[in-house]
Amino acid sequence: MLSTFKPALDPVIADFEKAYPAIHVNVQYVPPGTSYPNTLTTEINGGNAPDVFYTNPGYVQMGSASLLTLAKNGKVADLTSQSWSGDVPQIARSGFELNGKVYGLPLGGASSGLIYNETEFAKLGLTPPTTFSGVLQLCRTIKADGKIPIALPGQFGAFLPLSLAMSSVYVSTPDWDSQLAAKKTTFAGTAGWQTAMQEVSQMNRAGCFQPGAVSSTTSQAFQLAASGQALMYAGPTGALGALQAPGVTFGAFPIAAGNTTSTRVMSAFGDAMAVTAGSAHEAAAIQFVDYLAGPDVATPLANKAGDISVAQANSAQLPTSMTAFASYFKQDKTVAFPSWLGAGQLVSISTAVQQVLNGGQGSITSALQGVDRSLQS
Amino acid sequence: MSTAKPPPGTDAREETTAAAAGARPGPAQPAGPGRRPLKGDRAKSPVPLWWALPGVAFVAAFIYLAFFADAWYSFTNWTGTGPAQWVGLSNFRGILTDPIARGALWHTVELTVAFVIAANLIGLGLALALHRTVRSRNVLRVLFFAPVVLSPLAVSYIWQFIFSYTGPLNGLLGSVGLGSWKRDWLGDPSWALWTVLVVLIWGFTGLSMTLYLAGLQGIAEEIDEAAAVDGASTWFRLRRLTIPLLAPSVTISVTLTTISGLRVFDQVIGLTGGGPADATETLATQLYQQGFANGRAGYGAALGVMLTALIAVVAVAQVLVLRRREARL
């Protein structure tokens, strides 16, 4: 299991063992990054896979250890007959289903936008903007107040253009992912991606990011946001679970496009639990996964990890920190997690962001060509 | 110094070779056939050769078998799980045509050349400075050697903080009136690679210094003194006596720095992660990125084969050339 889930999952496991005394859950937590997929892949290849394990849906998010890649290779059990399998949100099904069969439990969902320090916003009389020009104005106001507007982890800054692209790419071309898969379009040849990168460049020019943002690591950017030096953090809303500071409340809001009506948000069910096919304890493993899917367990577990549960996404009843996203879920203004987006693509988009921050407007096309090359390979 | 001083009548150059190669200091063995064990001696050895079998089997299983398995996978499209399909030379062609991989190769070469020159010059300079004259030389030797024993990855994270825009380096520049020199050292593509180089040199120079010190201690003091009495200047003695007698140390240090430069990984991952915009990608970081993060195990294996071949060719060529030069000297 990913170590970031430890605080949320440990109490759940304790409760499960009380409810099912015949089953003992021996959990191994592994840090995120490449350690987790490497460990999992080695265990699967060595015939020593855990009975239940965490992975990412689709084919590429966790490389060869992604849920559907494993399903294709017969490594994970078919969970279609479980009562919760019908609840997998429509928007996420393509990442969990193969040939009409469900292979994983969506553990939690995240969205895209900016995480902000609600406490400081209230003190300064600021409100989340509803237009892109409002975002730029907000940056100028915060900067004039001597604070850093947005902490951007430049070494891993892909989520910023991705958030912007939800509106600039997918509103006009909802089937952009299919077009990309069919090699009918490219990043560099898509006006929406050019717009998203231009907006990153505009934000940079408006002084939105901290000095030295290009080389900033995730932990450095996190530190700026947690310490109150930066009032916003550019990353997935899942970071809300980890971003904590005494006496401070954090929330999240979507990055608005030109206007509210054309704004879309990502609905990414990127966390999945799977059961190893043919595991010696398959029945017990499925019982544990069923327990995680239970209504009293799934929502607190997802919320503690900074995510939203399947039930919350389906009903648009989001946790308080994410109420700004509720109307988008209600009005179906959500975009699925891009099917082409894996660890390698996140790196190449982050590289493109660094290029844009260093080179300005002129480098946008070459930066996007770099993403195209990475995807082709 | 005095421990490795050869007794009168012994070839000082041979003694230097032994000292630089890490031989135990002590009275020199007489030259001649008695120095090496003969076949007959080996046969009478109380330690049977088969005792080495567990070690040989271990090395064969975990080094050679792994290498040949990696070489086989380099001709496949293996993703890390599932079946591997034979794709011939496609991975190698991909590496040669991919601008990021080509850039990584170029950065590796740039970094290695600069690193070998700088680490050896600084290491030699430190060794000469701390060989005899400085009273606190033992303390200074320990201080300069200390970075060698520290984890390169952990140390790189500390350097990451030092070089960050709001870090101590820029703070220092600002406080001494050099505010215009402040920059995002790791975020500026034209500076990032050289920043990695600084950390690499800092981490390795101590070892280079130790290798040269070992060589210097094998050189008889009398030779230098005799040349000084004959009126040779310090520069002349350094150029014509000390450096030629240090040839074995040069061979070892240059070879080790070359290998360390070619396989540089920890410092890049800890400082820049290969960025900004691939400006510090090296062959080793690309191998990791492609093979593990991108799930292209076959392609990563091909990068591994290329990196191994590059290190082997360069290191062997270097040793051959330098050994030949040693023989001439």
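Quick caveat: nothing in here was measured; it's all calculated off a predicted structure.

Caption draft 1: Representation of the packing of helix H5 (residues 99-129) of chain B against helix H9 (residues 189-217) of chain B. Residue and element names in this part refer to chain B. At a closest axis distance of 6 Å, the pairing of H5 and H9 adopts a crossing angle of 40°. Relative to H9, H5 is oriented oblique. Crossing angle aside, the handedness with which H5 passes H9 is right-handed.

Caption draft 2: Examining helix H1 (residues 6-19) of chain A more closely. All names here are of chain A. The end-to-end C-alpha distance of H1, which contains 14 residues, comes to 20 Å, matching closely the 20 Å that a straight helix rising 1.5 Å per residue would cover. Those residues of H1 lying buried are Ala-8, Leu-9, Val-12, Ile-13 and Phe-16. Across the axial projection of H1, the buried residues extend over an arc of 120°, all falling on one side. Facing away from the buried side of H1 by more than 90 degrees, the exposed set consists of Pro-7 and Lys-18. Buried residues belonging to H1 abut helix H11 (282-293) and helix H12 (295-304).

Caption draft 3: Region of the structure containing the confidence of the model for chain A. Within chain A, residue pLDDT values average 89, and 98% of them lie at 70 or more. Taking the mean pLDDT of every element in chain A, the minimum, 84, falls on helix H2 (residues 35-45) of chain A and the maximum, 96, on strand S6 (residues 148-151) of chain A.

Caption draft 4: Summary view of the packing of aromatic side chains. By the definition in use, this model includes 30 aromatic pairs over all chains. Between A:Trp193 and A:Trp340, the aromatic rings sit 6.0 Å apart at their centres with planes inclined by 70°, giving edge-to-face as the arrangement. Note that A:Trp193 is positioned in helix H9 (residues 191-205) and A:Trp340 in the loop between strand S10 (334-336) and helix H15 (343-359), a separation of 147 residues in sequence. On the basis of relative accessibility, which here comes to 8%, the residue A:Trp340 falls in the buried class. Plain terms: the ring middles of B:Phe67 and B:Phe68 are 5.5 Å apart, the flat faces sit at 70° to each other, and that makes the pair edge-to-face. The class of B:Phe67 is partly exposed, set by a relative accessible area of 30%. These aromatic residues form a ring-pair network of at least three members: B:Trp72, B:Tyr73, B:Phe75, B:Trp78, B:Trp86 and B:Phe92. In this arrangement the basic side chain of B:Arg183 is found over the ring face of B:Trp185, its NZ or CZ atom lying 5.5 Å from the centre.

Caption draft 5: A look at unusual backbone geometry. Residue and element names in this part refer to chain B. Residue Pro-276 is reached from Gly-275 by a cis peptide bond, and omega for that bond is -5°. Structurally, Pro-276 can be placed in the loop between helix H13 (266-271) and helix H14 (283-293). Of note in this structure, Ala-277 is not a glycine but carries a positive phi near 50°. The residue Ala-277 is located in the loop between H13 and H14 in this model. The phi torsion at Asp-278 lies on the positive side, around 65°, for a residue other than glycine. Structurally, Asp-278 is set in the loop between H13 and H14.

Caption draft 6: How the structure looks around the sheet that holds strand S5 (residues 112-117) of chain A. Residue and element names in this part refer to chain A. With mixed pairing, the 4 strands of this open sheet are ordered in space as S6-S7-S5-S8. With partners counted over all chains shown, the strands left at the sheet margins are S6 and strand S8 (250-253), one partner each. On average, each strand axis in the sheet is tilted by 25° relative to the strand beside it, whichever way the strands run. As paired elements, S5 and S8 share 4 bridges and run antiparallel to each other. Bridge pairing in S8 places Asn-117 opposite Phe-250. The strands touched by helix H6 (residues 132-144) are S6 and strand S7 (230-236); relative to S6, the strand with the most contacts, the crossing angle is about 120°.

Caption draft 7: Main features of the pattern of salt bridges. Taken as a whole and assessed by the stated rule, the structure comprises 5 salt bridges over all chains. For the salt bridge of A:Glu97 with A:Arg93, the shortest nitrogen-to-oxygen distance reads 2.5 Å. The salt bridge partner of B:Arg237 is B:Asp224, with a shortest N-O separation of 3.4 Å. Taken together, the positions of B:Arg237 in helix H11 (residues 234-245) and B:Asp224 in helix H10 (residues 221-229) put the pair 13 residues apart, joining distant regions of the chain.

Caption draft 8: Representation of the state of the cysteines. Residue and element names in this part refer to chain A. According to the stated counting rule, one finds 1 disulfide over all chains in the structure shown. Shown here is the disulfide that connects Cys-139 with Cys-208, its sulfur atoms set 2.0 Å apart. Judged by the sign of its S-S torsion, about 105°, the bond between Cys-139 and Cys-208 is right-handed. With Cys-139 in helix H6 and Cys-208 in the loop between H9 and helix H10 (218-226), this pair connects stretches of sequence that are 69 residues apart. With relative accessibility at 0%, the residue Cys-208 sits in the buried group.

Caption draft 9: Geometry of the side chain of B:Glu281. Residue and element names in this part refer to chain B. With respect to the secondary-structure elements, Glu-281 resides in the loop between H13 and H14. Although Glu-281 lies buried, it forms no salt bridge, and the closest oppositely charged side chain, Arg-296, sits 11 Å away as judged by the N-O distance. Separated by 2.7 Å, the side chains of Glu-281 and Thr-285 make a polar contact. A polar atom in the side chain of Glu-281 sits 3.5 Å from the side chain of Gln-286.

The rules behind each value
- Residues numbered from 1 in each chain as written.
- Chains lettered and ligands numbered in written order.
- Predicted model: local features only at pLDDT ≥ 70, side-chain atom pairs only at ≥ 80, totals over all residues.
- Heavy atoms only, no water.
- Axes fitted to C-alpha atoms, helices over the stretch in contact; angles between N-to-C directions.
- Helix = DSSP H or I, 4+ residues; strand = E, 2+ residues; numbered from the N terminus.
- Parallel < 35°, antiparallel > 145°, perpendicular 65-115°, else oblique.
- Left-handed = near helix turned anticlockwise from the far one by under 90°.
- Expected span 1.5 Å × (residues − 1).
- Buried < 20%, exposed > 50% of the residue type's maximum accessible area, 1.4 Å probe, protein only.
- Arc of directions from axis to C-beta.
- Contact = heavy atoms within 4.5 Å.
- pLDDT = per-residue confidence, 0-100.
- Phe/Tyr/Trp six-rings, centres within 6.5 Å; stacked < 30°, edge-to-face > 60°.
- Lys NZ or Arg CZ within 6 Å of the ring centre and 35° of its normal.
- Pairing = 2+ DSSP bridges.
- Salt bridge = Lys/Arg side-chain N within 4 Å of Asp/Glu carboxyl O.
- Disulfide = S-S within 2.5 Å.
- Lys, Arg positive; Asp, Glu negative; His and termini not counted.
- Polar contact = N/O pair within 3.5 Å; in protein donor to acceptor, adjacent residues only side chain to side chain.

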